[in-house]
Amino acid sequence: ADRCVRWSSPPARRPIALALYGLFPGEAILAALLATFLRRFDVPVILHGPLESSSGLSAPVLLRELDILPCTGIAQAEAELASLGIVFLPAQLLSSAFASLLALRARLGTPNAAHFAAQGIDPGGAGCVRIGMSIAATTTDRLRGLHHAVEGDALVLAWPAGKSPVNLAFRPRITRVRDGVSEALFDSEAAEHAGGL
């Protein structure tokens, strides 16, 4: 947190933060859908991640189709968050030290410690509610512990093993973690148990 850039003043409304670092297939698609859905309810959204993807569609390429371009500076990010409600912050803009660590993924592999640390970042120190996505029996399962270890608010969306986050017919378990304390908001529920879509 000490090495990340800060907003010059806090956003008028508390944003949701979505970290897009390629932890699971379809992450960019799910995040773009979630961001545009939240924006319809006037909830500001900050997406952050690398500009390129080592596998699959990168978030910036997908977001460009929705007229959301990567910000080139923190002042632009602040202005666009206030006017458009959705911004994409490249990892290099968040923290040069963090971007340098991410650049080592060819040697460290994916995912590595940087990919997990990204899930705990509060972009710009805006007091964001961070969204964490984990799938049981995969490396993303480690995210549950991360959100308990960092200050602030997070919503952890947890899918059981074998369920894809891109399957919108299945609601994951949703837990709020606030300053290390968990509160289960919704249990997981498949569409057939919820009466369909």
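A short tour of the structure in this document, coming up. (Residues numbered from 1 in each chain as written. Predicted model: local features only at pLDDT ≥ 70, side-chain atom pairs only at ≥ 80, totals over all residues. Heavy atoms only, no water.)

## Thoughts on the pattern of salt bridges
Here the structure, examined in full by the defined rule, presents 6 salt bridges. Put simply, aspartate 42 and arginine 39 hold a salt bridge, and the shortest N to O gap is 3.9 Å. Under the relative-accessibility criterion, aspartate 42 is labelled partly exposed at 44%. When its relative accessible area of 24% is taken as the criterion, arginine 39 is described as partly exposed. For arginine 178, the salt bridge identified is with aspartate 153, shortest N-O distance 3.6 Å. Placement of the pair is arginine 178 in strand S7 (residues 173-178) and aspartate 153 in strand S5 (residues 153-159), with a sequence separation of 25 residues. Since its relative accessible area comes to 46%, arginine 178 is described here as partly exposed. (Salt bridge = Lys/Arg side-chain N within 4 Å of Asp/Glu carboxyl O. Buried < 20%, exposed > 50% of the residue type's maximum accessible area, 1.4 Å probe, protein only. Helix = DSSP H or I, 4+ residues; strand = E, 2+ residues; numbered from the N terminus.)

## Here we look at the environment of proline 123
Looking at the secondary structure, you find proline 123 in the loop between helix H7 (113-117) and strand S4 (129-135). Looking at proline 123, the relative accessible area reads 0%, which means it is buried. Between the alpha carbons of proline 123 and tryptophan 7 there is a distance of 8.6 Å; along the sequence they are 116 residues apart. Setting aside residues up to four positions removed in sequence, proline 123 forms contacts with Trp7, Ala17, Ile46, His48, Leu89, Leu94 and Cys128. (Contact = heavy atoms within 4.5 Å.)

## Considerations on the environment of cysteine 71
Looking at the element boundaries, cysteine 71 is found in the loop between helix H2 (59-64) and helix H3 (74-83). Owing to a relative accessible area of 4%, cysteine 71 belongs among the buried residues under this scheme. It is 10.0 Å that separates the C-alpha atoms of cysteine 71 and histidine 48, two residues lying 23 residues apart in sequence. If sequence neighbours within four positions are ignored, cysteine 71 has contacts with Gln76, Ala77, Glu80, Val87, Phe88, Leu89, Pro90 and Leu93.

## As for the nonpolar core
Leu18, Val45, Leu47, Leu63, Met133 and Trp159 are the most contacted members of the largest nonpolar core, which has 29 residues in total. Broken down by secondary-structure element, the contributors of at least two residues to this core are strand S1 (16-19), helix H1 (27-40), strand S2 (45-49), H2, strand S3 (86-90), S4 and S5. Among the elements that take part in this core, H1 stands out by supplying 6 residues, more than any other. Apart from the residues lying within four places of it in its own chain, the contact partners of leucine 18 are Ala31, Leu34, Ala35, Val45, Ile46, Leu47, His48, Ile131 and Met133. Formed by 21 residues, the second largest nonpolar core is a distinct cluster that contains Ile46, Ala77, Val87 and Cys128. (Core = buried A, V, L, I, M, F, W, Y, C linked by side-chain atoms within 4.5 Å.)

## Concerning unusual backbone geometry
The phi angle at aspartate 67 is positive, at roughly 65 degrees, despite the residue not being glycine. The class for aspartate 67 is exposed, based on a relative accessible area of 68%. You will see that aspartate 179, though not glycine, has its phi angle at about 50 degrees, which is positive.

## Some thoughts on the pairing of S1
Residues Ile16 and Leu18 of S1 are buried on one face, and the alternating residues Ala17 and Ala19, pointing to the opposite face, are buried as well. In this structure, S1 lies alongside S2, joined through 4 bridges in parallel fashion. Residue pairing for S2: alanine 17 is matched across the bridge by isoleucine 46. In this view, the connection linking S1 to its parallel neighbour S2 by way of H1 has right-handed handedness. Strand direction decides the pairing type here: S1 and S4, joined by 3 bridges, are parallel. When the bridges of S4 are listed, alanine 17 appears paired with arginine 130. (Pairing = 2+ DSSP bridges. Right-handed = clockwise from strand over helix to strand, strands pointing away.)

## Re H1
Helix length check: H1, at 14 residues, gives a terminal C-alpha distance of 20 Å against a target of 20 Å (1.5 Å per residue), a fit within 8%. Along H1, the residues classified as buried are Glu27, Ala28, Leu30, Ala31, Ala32, Ala35 and Leu38. Buried-residue contacts for H1 involve S1, S2, H2, S3, S4 and S5. Following H1 by one or two positions, aspartate 42 has its phi on the positive side, about 60 degrees. (Expected span 1.5 Å × (residues − 1).)

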